[in-house]
Amino acid sequence: MRLGLKADSLLERFADWFNLAPQPLAHAFFGMMAARTLMAGERLGIFGALADGQATVEELAARLKLAPEGTRALLEALEACEAVERRKGRYRLADRARRWLDPRSSQYVGGFLDFNYTQWEWWSHMEDAVRTGQAVDIHQFAPEDPRWRSYILAMYQMARLSAPEVARAIPLPRGARRVLDLGGAHGWFAAELCRRHRGLKATVLDLEGSIRVGREVIAQAQLSHLVTHQEGDVLTAELGGPHDVVLLFQVVHHLSPAQNVALLRRVRAALAPKGTLAVLEYLREDVEKPPSAAPLIGLHYFLTSKAAAYTPAELEGFLGDAGFRVESARPMRHVPLQTLVIARAE
Ligand SMILES: C[S@@+](CC[C@H](N)C(=O)[O-])C[C@H]1O[C@@H](n2cnc3c(N)ncnc32)[C@H](O)[C@@H]1O
């Protein structure tokens, strides 16, 4: 998936072909504005209010206690972002955006938009991180730091989108009973797997700040009988076992290559002989290929963990060094760039 502005007219296409307009400026300026416009739409309650019904600028401003002129400008910008539509002077959620922005939708991602305020602050340290090599290290925050809630609820909203597809694609060994979800946070992937397979129960191992929120998510869904949270650092905690399935979802990119190999060796020791290791990751293309948007995620991982978005070959290397063989690798449809890798002990 690539970034870019879409040309509307022949003139704009012409300007693009002949490189007449400054793309770096357009990316920096419009990228920033689009992000903040959508974030403001969420935080100021525009999406929630429009999910309840159409409204004029004045009605919305009065209801949300906003300045009418600011509300008008924001709504027009949200229309440019394809989040809202205007008909006869009344605004509504755009048809294609409704499932993502209506808080009652099971595919609502407003929490992730709100989490962007936290990420925005992290990104303000980018230049220092690149200069000094020191990451923000988001997993070192105190357990009671409110950024954990924002982070883990955002991850939960993302997980809801792909969990059924991911769970369907994980082959379980016959008679599987125990799942270990490393860095599983909200526990939603493990919960989905347990709901699909009778007799399966999961343990989520994660840092305290994360499991405080994860426990609430699982309790609210009344799934605490299937998923148990356990506090621990995956790099040092006892992994127990033998486990029939180990999930390692979006954790590899927070660890260095050496940490990944060391962790995977311990996972191998904790896995039952015919057990399944499932790794879900944002994998970037091999470095020689022309870049997509994936290196932006790589930069994000560098900023937040001093790690990287790895290529399929790099991940296969970590697995191979730890004694695993890749059985399959399948891109997920519901979240771009995410790949589910199934591996078994050699
Ligand atoms: C990007 S989130 C992924 C959450 C979930 N697995 C998912 O795919 O939605 C990364 C998770 O890994 C956890 N994590 C990172 N480093 C960890 C460590 N050293 N020990 C335990 N958990 C860790 C974080 O607390 C967070 O919950």
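As a convention, each chain's residues are numbered from 1 in the sequence order in which they are written. Per-residue local features of the predicted model are confined to residues with pLDDT of at least 70, and side-chain atom pairs are confined, for both listing and counting, to 80 or more; whole-chain, interface and lining totals are unaffected and use all residues. Side-chain measures here rest on the full set of heavy atoms in the structure, leaving out hydrogens and waters.

Participant: Describe the pairing of strand β8 (residues 324-331), listing the residues and the values that go with them.
Facilitator: Of the pairings in the sheet, the one linking β8 to strand β9 (residues 338-345) comprises seven bridges and is antiparallel in character. Within β9, the residue paired with V326 across the bridge is A343. When DSSP finds two or more bridges between a pair of strands, those strands are recorded as paired. Secondary structure elements follow DSSP: runs of H or I no shorter than four residues count as helices, runs of E no shorter than two count as strands, and numbering proceeds from the N terminus.

Participant: Can you break down the pairing of strand β3 (residues 178-182) residue by residue, with the values?
Facilitator: Relative accessibility decides the category of a residue: with a 1.4 Å probe and only protein chains considered, values under 20% of the type maximum give buried, values over 50% give exposed, and everything between is partly exposed. Along β3, four of the five residues are buried, which leaves the element largely enclosed by surrounding structure. Taken together, the five bridges between β3 and strand β4 (residues 201-206) define a ladder with parallel strand orientation. Looking at β4, one finds that R178 is bridged to K201. Throughout, right-handed denotes a crossover for which the path from the first strand over the helix to the second runs clockwise when the strands point away from the viewer. Handedness of the crossover joining β3 and β4 through helix α10 (residues 188-196): right-handed. Alignment of β3 against strand β6 (residues 243-249), held across four bridges, turns out to be parallel. By the bridge assignment, V179 is partnered in β6 with V245.

Participant: Tell me about the domain arrangement of the protein, and name the residues and values.
Facilitator: If you check the domain split of the protein, you get domain 1 (10-108) and domain 2 (126-345). These domain limits were set by an automatic method or by a database of domain assignments. Summarising the inter-unit geometry, the C-alpha centres of domain 1 and domain 2 are found 33 Å apart.

Participant: With reference to specific residues and values, describe unusual backbone geometry.
Facilitator: The amide bond that connects G241 to the next residue, P242, takes the cis arrangement and shows omega of 0°. A positive phi angle, near 55°, is found at A185, a position not held by glycine. Tracing the chain through its elements places A185 in the loop between β3 and α10. Among the residues examined, A185 registers a relative accessible area of 7% and is labelled buried.

Participant: Which residues make up the packing of helix α9 (residues 147-168) against α10, and what values go with them?
Facilitator: Interaxial angle, 0 to 180 degrees, is taken between N-to-C directions of lines fitted to C-alpha atoms, where a helix line uses only the stretch in contact. Running from N to C, α9 and α10 point in directions that differ by 35°, and their axes come no closer than 8 Å. When you trace α9 past α10, the crossing you get is right-handed. Every residue of α10 that contacts α9 at Y156, A159, R160, S162, A163, P164, V166, A167 and R168 is listed here: W188, F189, E192, L193 and R196. Asp, Glu, Lys and Arg are counted as charged, while Ala, Val, Leu, Ile, Met, Phe, Trp, Tyr, Cys and Pro are counted as nonpolar; the rest, among them Gly, fall into the polar class. Taken together, the residues of the contact of α9 with α10 break down into nine nonpolar, one polar and four charged. Here a crossing is called left-handed whenever its near helix is offset anticlockwise from the far helix by less than a right angle, and right-handed whenever the offset is clockwise. Only heavy atoms matter for contacts: two residues are in contact if any of them lie within 4.5 Å across the pair.

Participant: Explain the sheet that holds β3 residue by residue, including any values.
Facilitator: Reading across from one edge, β5-β4-β3-β6-β7-β9-β8 is the order of the seven strands in this open sheet, with mixed pairing throughout. Looking at strand neighbours, the two that pair on one side only are β5 (227-231) and β8, the edges of this open sheet. Averaged over all pairs of adjacent strands, the angle between their axes in this sheet comes to 20°, without regard to strand direction. Sheet topology note: the strand β7 (residues 271-282)/β9 ladder contains six bridges and is antiparallel. Each bridged residue has a counterpart across the sheet, and for Y282 the counterpart in β9 is Q338. This element, helix α11 (residues 208-220), spans β4 and β5 of the sheet and lies at about 165° to β5. Helix α14 (residues 312-321) contacts β7, β8 and β9 of the sheet and is inclined by roughly 155° relative to β8.

Participant: I'd love a proper account of the pattern of salt bridges, names of residues and values included.
Facilitator: Here a salt bridge means any side-chain nitrogen of Lys or Arg lying within 4 Å of a carboxyl oxygen belonging to Asp or Glu. By the definition in use, this model includes 18 salt bridges. With its nearest N and O atoms 3.0 Å apart, the salt bridge here joins D114 to R43. Of the two residues, D114 sits in helix α7 (residues 110-123) while R43 sits in helix α2 (residues 23-43), which places them 71 residues apart along the sequence. In this structure, the salt-bridge partner of E79 is R86, at a minimum N-O distance of 3.1 Å. Through salt bridges with shared partners, a single network forms among D52, R63, D102 and R104.

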